[in-house]
Amino acid sequence: MGGAGPSVAGRAVHAVAQLLRFAWLEARACAFAVVIFAGLALSTVVPLPVARYDALLVYGIVATLAFWALRLETGREVLGTAAFHVVGLAFEVLKVRLGSWAYPEEALTKIGGVPLYSGFMYAAVGSYIARAWRLMDLRLTRYRPWPTAVLAAAVYANFVTHHFLPDVRLVLALLLVAATWRTWVHYTVGEARYRMPLALSFVLIGFFLWLAENISTIFAAYRYPDQADGWSMVHVGKFGSWALLVVVSFVLVANWKTSHLRDETLRHPEPADPVDLVPARLDPR
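My aim in this report is to walk through the structure given alongside it, one point at a time. In this text the structure is predicted, and so the values were computed from the model without any measurement.

### Looking at the overall build of the chain
So, point 1. Counting its secondary structure elements, the chain contains nine helices and six strands.
So, point 2. In the chain, buried positions account for 44% of the 285 residues.
So, point 3. When contacts within the chain are restricted to residue pairs at least 6 apart in sequence, those whose partners lie at least 24 apart make up 74%.
So, point 4. Only carbon and sulfur atoms are counted for the fraction: they give 71% of the accessible area of the chain, which is about 15,400 Å².

See the structure below:
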């Protein structure tokens, strides 16, 4: 007869160890975002010789270069950060012009009422996805790149057009669920591989971004109209908006990753025995 399987206590210890490993990987993936938010917090209490928004721009540039110099991010990841900065800044200019939120403080480095540092908040999201992809060896199965990319572009556009056209974000959310149906994201924790539905990963990241947005508004990174007279919690509806906006960042990173990884399995068919949420030993490399 075969040997007895691991005890309940052994499985519990392993599960806790895996959870701690996963938390450590997530913390490393979020490193750039943590640095940016730490700068926001410090800028509210540390006396600055220049306008706060201007100082935050310099801080973000220095942080980006430091991550590259310390080899915490590759040169390609730094370029990706810059691209996300530009995409985010363009989005900010449009939304501020439409009155969605405002940057009330004065600064020399503002375009259309938007400080240039604001793009780093979007760059932090892109940095997280890119670093998580590398640190956890992300792979996707049954991913449909073109439908997902088209819907991501529609999501980006709807965030602007809903000010003067019908808001179709719910329709787009349902279409994204359909486009990513049976799409799995596979990732490594320790010596085990796990998977989760891609759509679920969007929801989870969106939730934590909503929490981060609440922190940002506490530190007056920007303000919504209902926060003009004092801080209040960001409406829970923004959680869904962030989950949708994550899709835009994900599509950009996915296209970039698959453009230079020869062994990328992004477009490969699902294996006959896919790794489930229960861990499985990695094949030796």
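### Here's the deal with the nonpolar core
Soluble globular proteins tend to bury their nonpolar side chains together.
So, point 1. Counting 70 residues, the largest nonpolar core has Phe32, Trp101, Tyr103, Tyr117, Trp133 and Phe250 as its most contacted members.
So, point 2. Ranked by residue count, the leading element in this core is helix H5 (residues 119–135), at 12 residues.
So, point 3. Not counting chain neighbours up to four residues away, the residues in contact with Tyr117 comprise Leu40, Tyr53, Leu56, Leu57, His85, Tyr103 and Ala221.

### Here's the deal with the environment of Val150
So, point 1. Relative to the assigned elements, Val150 resides in helix H6 (residues 145–161).
So, point 2. A residue is classified by how much of its surface remains accessible, and Val150, at 53% relative accessible area, is exposed.
So, point 3. Distance from Val150 to Val251, taken between C-alpha atoms, is 9.6 Å for residues 101 residues apart in sequence.

### Some details on unusual backbone geometry
Excluding glycine, residues mostly have negative phi values, and the peptide bonds linking residues are mostly trans.
So, point 1. The backbone phi angle of Asp137 is positive, close to 50°, even though this residue is not glycine.
So, point 2. If you trace the backbone, Asp137 turns up in the loop between H5 and strand S3 (139–141).
So, point 3. Here the phi dihedral of Arg142 falls at roughly 60°; this positive angle occurs in a residue that is not glycine.
So, point 4. With respect to the secondary-structure elements, Arg142 resides in the loop between S3 and H6.

Thresholds, definitions, all that
Residues numbered from 1 in each chain as written. Predicted model: local features only at pLDDT ≥ 70, side-chain atom pairs only at ≥ 80, totals over all residues. Heavy atoms only, no water. Helix = DSSP H or I, 4+ residues; strand = E, 2+ residues; numbered from the N terminus. Buried < 20%, exposed > 50% of the residue type's maximum accessible area, 1.4 Å probe, protein only. Contact = heavy atoms within 4.5 Å. Areas by Shrake-Rupley, 256 points an atom, 1.4 Å probe, with all protein chains shown as cover. Core = buried A, V, L, I, M, F, W, Y, C linked by side-chain atoms within 4.5 Å.

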